Amino acid sequence: MNTDAERAVERVITVMRDNLEEQLTIDDMARVAMFSKFHFSRMFQRVTGLSPGRFLSALRLQQAKQLLVTTSFNVSDISLRVGYTSVGTFSTRFTRSVGLSPTIYRRQHGVTPEIQTGGAFVPPGKLATVRGIVRPHDPDRRESIFLGLFRDRLPEGKPIACAVMQEPGPYLLENVPPGMWHLLAHSVPFDTARPDSADRQVCVASVGPVTVSRDMTVEGADVQLKPARSLDPPVLMALLDVRTAALARVAAFGAA
């Protein structure tokens, strides 16, 4: 990757984070990057996997997640603080991307007990399988790992197929419909003390797009977890409750 391009994109992302309540335009962003807006848009997409507008929207929802579990601001105030003029639009987009409404997300302290999948119906005999290996960033880190297939580079909404692992190693995704999917993974340590700190401890990985045909097995879709960088799209979907997962893991060891 071009280092100058990454530095330019990082400058823009910093401005985005510092001005989430402002209506930043593509011209504003291009001036910060010091490129024409057409070259900037292509460069930003190449570096992050998302358009500048989509990335900014993701940052706004990520900040909303943080505010919901760390402050007492009402949903209307939060929507304004992250750049939405309509609380209805904010709530709709938050629910679609995170998987929970803002009110329920706050009530559940920023976690969800399960993650549902969603996609078009495909006859069972036409579904495929994706398999590979998850490699950890830190072999000594005890973590809950989520893998999912998504339509693009942003982990939001319902994955096409997913799996949850209690440690790195081989994985298997079954009942995958044909298409081109992005394999996205993120992990959170079991010892995360507070749900609102989870985003800052996330490790991520991505592969793709992966082309899946009917009734096939995709082998070798391996992922390497690394600490999330500012250039990585935020994880918008609600994280699993790692405390519950940790207790389940301890119980499993006790029964062994």
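Owing to the predicted nature of the structure, the values given are computational and were not obtained by experimental measurement.

Here is what the cut-offs are and how they apply
Residues numbered from 1 in each chain as written. Predicted model: local features only at pLDDT ≥ 70, side-chain atom pairs only at ≥ 80, totals over all residues. Heavy atoms only, no water. Helix = DSSP H or I, 4+ residues; strand = E, 2+ residues; numbered from the N terminus. Buried < 20%, exposed > 50% of the residue type's maximum accessible area, 1.4 Å probe, protein only. Contact = heavy atoms within 4.5 Å. Areas by Shrake-Rupley, 256 points an atom, 1.4 Å probe, with all protein chains shown as cover. Pairing = 2+ DSSP bridges. Expected span 1.5 Å × (residues − 1). Axes fitted to C-alpha atoms, helices over the stretch in contact; angles between N-to-C directions. Parallel < 35°, antiparallel > 145°, perpendicular 65-115°, else oblique. Left-handed = near helix turned anticlockwise from the far one by under 90°. Salt bridge = Lys/Arg side-chain N within 4 Å of Asp/Glu carboxyl O. 1 Å grid on protein atoms, 1.4 Å probe; cavity = no way out; pocket = protein on both sides within 12 Å on 5 of 7 lines; lining within 4 Å. Points joined across faces, edges and corners; volume = space filled by probe spheres on them. Nonpolar A, V, L, I, M, F, W, Y, C, P; charged D, E, K, R; others polar. Core = buried A, V, L, I, M, F, W, Y, C linked by side-chain atoms within 4.5 Å.

Draft legend 1. The arrangement of the overall build of the chain in detail. Broken down by element type, the chain carries 8 helices and 11 strands. Here the chain, with 256 residues, has 46% of them falling under the buried criterion. Looking at the chain alone, contacts between residues at least 24 apart form 71% of all its contacts between residues at least 6 apart. Carbon and sulfur atoms form 52% of the exposed surface of the chain, whose accessible area is close to 12,900 Å².

Draft legend 2. Just the sheet that holds strand 3 (residues 143–150), in detail. The 5 strands lie next to each other as 4-3-6-7-10, forming an open sheet whose pairing is antiparallel. One side of each edge strand has no neighbouring strand; the edge strands of this open sheet are strand 4 (161–165) and strand 10 (226–227). In the sheet, strand 3 pairs with strand 4 via 5 bridges, with the strands oriented antiparallel. Across the sheet, residue Ile-145 finds its bridge partner in strand 4, namely Met-165.

Draft legend 3. How the structure looks around helix 4 (residues 52–70). Helix length check: helix 4 (19 residues) gives 27 Å between terminal C-alpha atoms against 27 Å at 1.5 Å per residue, within 8%. Among all positions in helix 4, only Pro-52, Phe-55, Leu-56, Ala-58, Leu-59, Arg-60, Leu-61, Gln-62, Ala-64, Lys-65, Leu-67 and Leu-68 are buried. Buried residues belonging to helix 4 abut helix 1 (3–18), helix 2 (26–33), helix 3 (37–48), helix 5 (75–81), helix 6 (87–98) and helix 7 (102–107).

Draft legend 4. Here's a closer look at the packing of helix 1 against helix 2. Contact geometry for helix 1 and helix 2: axes closest at 8 Å, N-to-C directions at 130°. Between helix 1 and helix 2, the crossing angle belongs to the class labelled oblique. Regarding helix 1 and helix 2, the two cross each other, and that crossing is right-handed. On helix 2, the residues that touch Ala-8, Arg-11, Val-12, Val-15 and Met-16 of helix 1 are Met-29, Val-32 and Ala-33.

Draft legend 5. Region of interest: the pairing of strand 6 (residues 179–189). Within strand 6, 9 of the 11 residues are buried, which leaves it mostly tucked inside the rest of the structure. Pairing between strand 3 and strand 6: 8 bridges, direction antiparallel. The residue bridging Phe-146 from the neighbouring strand is His-186, located in strand 6. Looking at chain direction, strand 6 and strand 7 (residues 203–212) are connected through 8 bridges and run antiparallel. Bridge assignment links His-186 to a residue of strand 7, and that residue is Val-204.

Draft legend 6. Quick look at the pattern of salt bridges. All chains considered together, the criterion is met by 10 salt bridges. Between Arg-54 and Glu-156 there is a salt bridge, and its shortest N-O distance comes to 2.6 Å. Here Arg-54, found in helix 4, pairs with Glu-156, found in the loop between strand 3 and strand 4; they are 102 residues apart in sequence, far enough to count as distant. Looking at Arg-54, the relative accessible area reads 29%, which means it is partly exposed. Among the salt bridges present, the one from Glu-143 reaches Arg-141, with a minimum N-O distance of 2.7 Å. Note on accessibility: Glu-143 and Arg-141 belong to one class, buried. Residues joined in a network through salt bridges with shared partners are Arg-54, Asp-152 and Glu-156.

Draft legend 7. Inspection of the layout of surface pockets at higher detail. Empty space within the second largest pocket amounts to approximately 280 Å³. Secondary-structure elements contributing two or more residues to the lining of the second largest pocket are strand 6, strand 7 and strand 10. For the lining of the second largest pocket, a count of residues per class yields 8 nonpolar, 3 polar and 4 charged.

Draft legend 8. Structural view of the nonpolar core. With 37 residues, the main nonpolar core has Met-16, Phe-40, Phe-44, Phe-90 and Phe-94 as its most contacted residues. If you list the elements that add at least two residues to this core, you get helix 1, helix 2, helix 3, helix 4, helix 5 and helix 6. A per-element tally of this core places helix 4 first, with 8 residues. For Phe-94, the residues in contact, after removing those within four places along its chain, are Leu-61, Ala-64, Lys-65, Leu-68, Gly-99, Leu-100, Ser-101, Pro-102 and Tyr-105. Counting residues in hydrophobic clusters, the runner-up holds 24 residues, among them Ala-128, Val-130, Ile-160 and Ala-161.

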